[in-house]
Amino acid sequence: LCFLTTACADYKTAKIAARSGDYATARMNLTELSRRGFPMAQTKLGEMNMAGLGAPADQKEAIRLYNLALLEKDPGAMLALGKAYRVGTGVPVDRVKARKLFESALAQKDFHAYYQLGMLENDENNRAAAESDFAKSVQVADLKAWYQLGVVTEREGKPLLADQYFKNAVASGDTLAYYRLGRL
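Computed from a prediction, not measured in an experiment: that's the story for all the values here.

Draft legend 1. Molecular detail of the side chain of Arg27. Topologically, Arg27 is positioned in helix H2 (residues 23-35). There is a polar contact of 3.1 Å between the side chain of Arg27 and the side chain of Asn49. Ignoring sequence-local partners within four residues, the contact set of Arg27 consists of Leu45, Met48, Asn49, Leu53, Gly54 and Ala55.

Draft legend 2. Fine view of helix H10 (residues 159-171). Here H10 contains 13 residues, and its C-alpha end-to-end distance of 18 Å stays within 8% of the 18 Å for a straight helix at 1.5 Å per residue. Looking at H10, one finds that the buried residues are Ala162, Tyr165, Phe166, Ala169 and Val170. Each buried residue of H10 lies within a common arc of 145 degrees when the element is viewed along its axis, so the set occupies one face. What points out from H10, more than 90 degrees from its buried face, is the exposed set Leu160 and Ala171.

Draft legend 3. View of the pattern of salt bridges. For the coordinates displayed, the defined rule picks out 10 salt bridges. The salt bridge involving Lys158 is made with Glu156; its shortest N-O contact spans 3.0 Å. We classify Lys158 as partly exposed; its relative accessible area is 35%. Owing to a relative accessible area of 28%, Glu156 belongs among the partly exposed residues under this scheme. Via salt bridges that share partners, Arg86, Arg95 and Asp123 belong to a single interconnected network.

Draft legend 4. View of helix H6 (residues 95-107). Given a rise of 1.5 Å per residue, 13 residues ought to cover 18 Å, and the 18 Å separating the end C-alpha atoms of H6 matches this to within 8%. What H6 keeps buried is the set Ala98, Leu101, Phe102, Ala105 and Leu106. Seen from one end, H6 has its buried residues packed into an arc of 145 degrees, which puts them on one side. For H6, the exposed residues lying more than 90 degrees away from the buried face are Val96, Lys100 and Ala107. Looking at the buried positions of H6, the neighbouring elements they touch are helix H4 (59-71), helix H5 (75-87) and helix H7 (113-123). You can read the cap of H6 off the contacts: a side-chain oxygen lies 3.2 Å from the backbone nitrogen of Val96, and it is on Asp94. Following H6 by one or two positions, Lys109 adopts a phi angle in the positive range, close to 70 degrees.

Draft legend 5. Structural context of the packing of helix H3 (residues 39-51) against H4. With their axes 8 Å apart at the nearest point, H3 and H4 run at an angle of 165 degrees to one another. One way to sum up the angle between H3 and H4 is to call them roughly antiparallel. For the pair H3 and H4, the crossing hand works out as left-handed. Residues Pro39, Gln42, Thr43, Leu45, Gly46, Glu47, Asn49 and Met50 of H3 touch H4, and the partners they reach there are Gln59, Glu61, Ala62, Ile63, Leu65, Tyr66, Leu68 and Ala69. Looking at the contact of H3 with H4 residue by residue, the classes come out as nine nonpolar, five polar and two charged.

Draft legend 6. Quick look at the packing of H5 against H7. One can describe the packing of H5 onto H7 by two numbers: an axis separation of 11 Å at closest approach and a directional angle of 10 degrees. When the axis of H5 is compared with that of H7, the two are roughly parallel. Of the residues in H7, those touching H5 at Leu79, Lys83 and Arg86 are Ala113, Gln116, Met119, Leu120 and Asp123.

Parameters and conventions
Residues numbered from 1 in each chain as written. Predicted model: local features only at pLDDT ≥ 70, side-chain atom pairs only at ≥ 80, totals over all residues. Heavy atoms only, no water. Helix = DSSP H or I, 4+ residues; strand = E, 2+ residues; numbered from the N terminus. Polar contact = N/O pair within 3.5 Å; in protein donor to acceptor, adjacent residues only side chain to side chain. Contact = heavy atoms within 4.5 Å. Expected span 1.5 Å × (residues − 1). Buried < 20%, exposed > 50% of the residue type's maximum accessible area, 1.4 Å probe, protein only. Arc of directions from axis to C-beta. Salt bridge = Lys/Arg side-chain N within 4 Å of Asp/Glu carboxyl O. Axes fitted to C-alpha atoms, helices over the stretch in contact; angles between N-to-C directions. Parallel < 35°, antiparallel > 145°, perpendicular 65-115°, else oblique. Left-handed = near helix turned anticlockwise from the far one by under 90°. Nonpolar A, V, L, I, M, F, W, Y, C, P; charged D, E, K, R; others polar.

Written out as structure tokens, the structure is:
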């Protein structure tokens, strides 16, 4: 949460700059906010470092920033660090840590964690749990989960249900779902 009105304004400015591709401005604002201990800025700067936006990718620095934000219980950091542990980006794969971080984010009412839990369940070939988590994700308007629901149900041999999920994904703007619809 925003602890100072100025910090909130600077954070908002940084997010707008990043969305428009002005990574220099975004980095400048986020770096200053991060130094001042603003956890959402630490998480966002970590994401930029992980993706190499505005500077070469630096996974080690991204993980350091996520951990700083995690100390303040930032749910965005929980999701970002959980994803890193899920796929092994900047840290060794550790699905137990990933699950704990995603569940902690859910406890903080960050419902985007359902999507990440679904991805984790899918990685572990637990299709029923993945389908359940993606369905919860869709219910909280995380529309990218429609595509993953289609993938899981297609693998389970439920082409009619997969078809409906892919159609929902297309309706929400997911162009990759067009390809999957053509395969059914």
